[in-house]
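# Architecture at a glance
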Protein chains: 2
Amino acid sequence: MKKIEVCLSPELIHLFDLKGKTVVVVDILRATSCITTAFAHQIISMKPVATLDECKVLKNDGYVIAAERGGQKVEGFDIGNSPFSYMDPSLLGKKVAVTTTNGTLAITKSLTANNILIGSFLNISALAQRVHDLDQDVVIHCAGWQGSVNAEDTLFAGALINLLLASFAISTDDATLAYSLYLQHKNNMLDFVLQASHAKRLQAFGINKDIEFCLKIDEYPIVPYLEGTDIII
Amino acid sequence: MKKIEVCLSPELIHLFDLKGKTVVVVDILRATSCITTAFAHQIISMKPVATLDECKVLKNDGYVIAAERGGQKVEGFDIGNSPFSYMDPSLLGKKVAVTTTNGTLAITKSLTANNILIGSFLNISALAQRVHDLDQDVVIHCAGWQGSVNAEDTLFAGALINLLLASFAISTDDATLAYSLYLQHKNNMLDFVLQASHAKRLQAFGINKDIEFCLKIDEYPIVPYLEGTDIII
């Protein structure tokens, strides 16, 4: 039986051997929810980059540029980090370059994996099917908040474990914790996340509508994944 | 209201500002359970050191020397890391020097705190009272297993939170996770811990009796704490 591990923060990812494995990168609020939404609205690729400067110069190459820092859109960029901003029909067929506080870091710290998939509640069942089809050990890599563990990414890890347990086995205590958290809160996920500190921090920016949307299950049956330096579908 | 934070691994402790706070160091299997047991059996001090060499030379200064690596006693040392080995009447009045895989690292990474207390299920109520009396924000620092998060330290963090909630407030998602885990497993703690990966690893050394003992609540109403370079009571 293939194994499931969970990395609760990018600060812990060096403890995991990713070679030959599938990594699912998760930043529920909101990077990976945005990426999933963007591909559901037919962008053709998304380039995750580490810095604002790297992102900005890609405007000259025809990219739509998206940047978030500390939960807010950065001035001078086309879009921020709300999934609703990716529902704009003008993005159809566009390439997007994106930099975020936590999500892009988790992607760049996963590069030694065999496959890097983008995970969110919005595409969780399609994602579970893809992980199953790839038939490799899987590491669920939670982006967290500036290095700290957060509630919603851990909750998602537990929810994904729940869908994988027929053919995968939990192999580390981090995965046990995430699965326990999911079992306890599966019937009140939105309330639980709204009470958590990262969500409270974001609520200061008036994004309750975003949070509610990012907790929706199976809106989009697609699985964005990293190919070279770009996310495609 | 004072705040409760939980650090799930020493690899994350740099994300916490410990100044002016109480830190509770936790390594349920088995360093902090051993330290608590040792003081209950009237050793006079315990010096945590990082390396086997540092520990060994202290033998010449009259210390009883204790060392564990990878879950097992190290050859050439007086004792290993079983709480039962500290119940020996010959230790009465002795100074002990100790080095362990995870617990001593968590102590040395907490040195900027105002107070460093030793936590285990064996002394949890006395500990909660002391934390309350000190009336500072508290960080529960889980030692984990070689950097990874483990189930039993996180469970303990949740159990301690449960005792503190009348006068302290959860302030981070790590603490929310730990408290959720405790609420889910408070009536089956031993079964839950025995299923977890770190405990399974230790069971290979035949220490089920140790694990069962380390989950006992309030055996010893004492609170070892760090004073300078030594733990005292």
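Rules behind the numbers
Residues numbered from 1 in each chain as written. Chains lettered and ligands numbered in written order. Predicted model: local features only at pLDDT ≥ 70, side-chain atom pairs only at ≥ 80, totals over all residues. Contact = placed C-beta atoms within 7 Å. Helix = DSSP H or I, 4+ residues; strand = E, 2+ residues; numbered from the N terminus. Nonpolar A, V, L, I, M, F, W, Y, C, P; charged D, E, K, R; others polar. Buried ≥ 20, exposed ≤ 12 C-beta atoms within 10 Å, placed from the backbone. Pairing = 2+ DSSP bridges. Least-squares fit on C-alpha atoms with pLDDT ≥ 70 in both. Core = buried A, V, L, I, M, F, W, Y, C linked by C-beta atoms within 7 Å.

### Thoughts on the interface of chain B and chain A
Across the boundary between the two partners, chain B contributes 24 residues, which contact 24 residues of chain A. Going through the elements one at a time, α5 (151-164), α6 (173-185) and α8 (197-203) of chain B are the ones with two or more residues in the side of chain B that touches chain A. The element that contributes the greatest number of residues to the side of chain B that touches chain A is α6(B), accounting for 8 residues. Its residues assigned to classes, the side of chain B that touches chain A comprises 9 nonpolar, 12 polar and 3 charged.

### Quick word on the pairing of strand β4 (residues 64-69) of chain B
Two faces make up the sheet, and in a regular strand the side chains alternate between them. Residues and elements named next belong to chain B. Burial analysis of β4 places 5 of its 6 residues in the buried class, the great majority of the element. Of the strand pairs in this sheet, β4 and strand β6 (residues 95-99) are connected by 4 bridges, and their pairing is parallel. When the bridges of β6 are listed, Ala66 appears paired with Val98. One ladder, built from 2 bridges, connects β4 with strand β5 (residues 72-73); its direction is antiparallel. Note that in β5 the partner of Glu68 across the bridge is Lys73. The antiparallel pairing of β4 with β5 creates a hairpin that spans 2 residues between the two strands, and Gly70 there sits at a positive phi of about 60°.

### Thoughts on the environment of Val131(B)
Residue and element names in this part refer to chain B. Looking at the element boundaries, Val131 is found in helix α4 (residues 124-134). Spatially, the C-alpha atoms of Val131 and Val23 are 9.0 Å apart, while their sequence positions differ by 108 residues. Once you skip the residues sitting within four places of it in the chain, Val131 turns out to touch Thr22, Val24, Leu117, Val138 and Leu164.

### Quick notes on the relation of the copies chain B and chain A
Of the two same-sequence chains, chain B is brought onto chain A (RMSD 0.0 Å, axial shift 0.0 Å) by a rotation of 180°. Interpreted geometrically, this transformation is the action of a two-fold axis. A share of 100% of the interface residues of chain B reappears at the interface of chain A, consistent with the copies meeting face to face through the same patch.

### Remarks on the nonpolar core
Core analysis: the largest hydrophobic core is formed by 162 residues, its most contacted members being Val24(A), Leu160(A), Val24(B) and Leu160(B). Beyond its immediate stretch of four places on either side in the chain, Leu160(A) contacts Val24(A), Gly119(A), Ile124(A), Leu127(A), Ala128(A) and Ile140(A).

### Considerations on the environment of Asp27(B)
Residue and element names in this part refer to chain B. With respect to the helices and strands, the residue Asp27 is situated in the loop between β2 (22-26) and α1 (31-40). For Asp27, a count of 33 C-beta atoms within 10 Å corresponds to the buried category. Spatially, the C-alpha atom of Asp27 lies 12 Å from that of Ser148, the residues being 121 residues apart in sequence. Setting aside residues no more than four positions away along its own chain, Asp27 makes contact with Thr32, Asn102, Gly103, Ala106, Ala143 and Asp153.

### So, unusual backbone geometry
Trans peptide bonds make up the majority, and among non-glycine residues the majority have a negative phi. Following Leu29(A), the chain continues into Arg30(A) via a peptide bond in cis, with omega recorded as 10°. Along the chain, the position of Arg30(A) falls in the loop between β2 (22-26) and α1 (31-40). Here the phi dihedral of Gln42(A) falls at roughly 70°; this positive angle occurs in a residue that is not glycine. Residue placement: Gln42(A) occurs in the loop between α1 and β3 (45-48). Overall, Gln42(A) belongs to the exposed group, with 12 C-beta atoms counted inside 10 Å. Phi is positive for Gln146(B), close to 50°, though the residue is something other than glycine. Tracing the chain through its elements places Gln146(B) in the loop between β8 (138-142) and α5.

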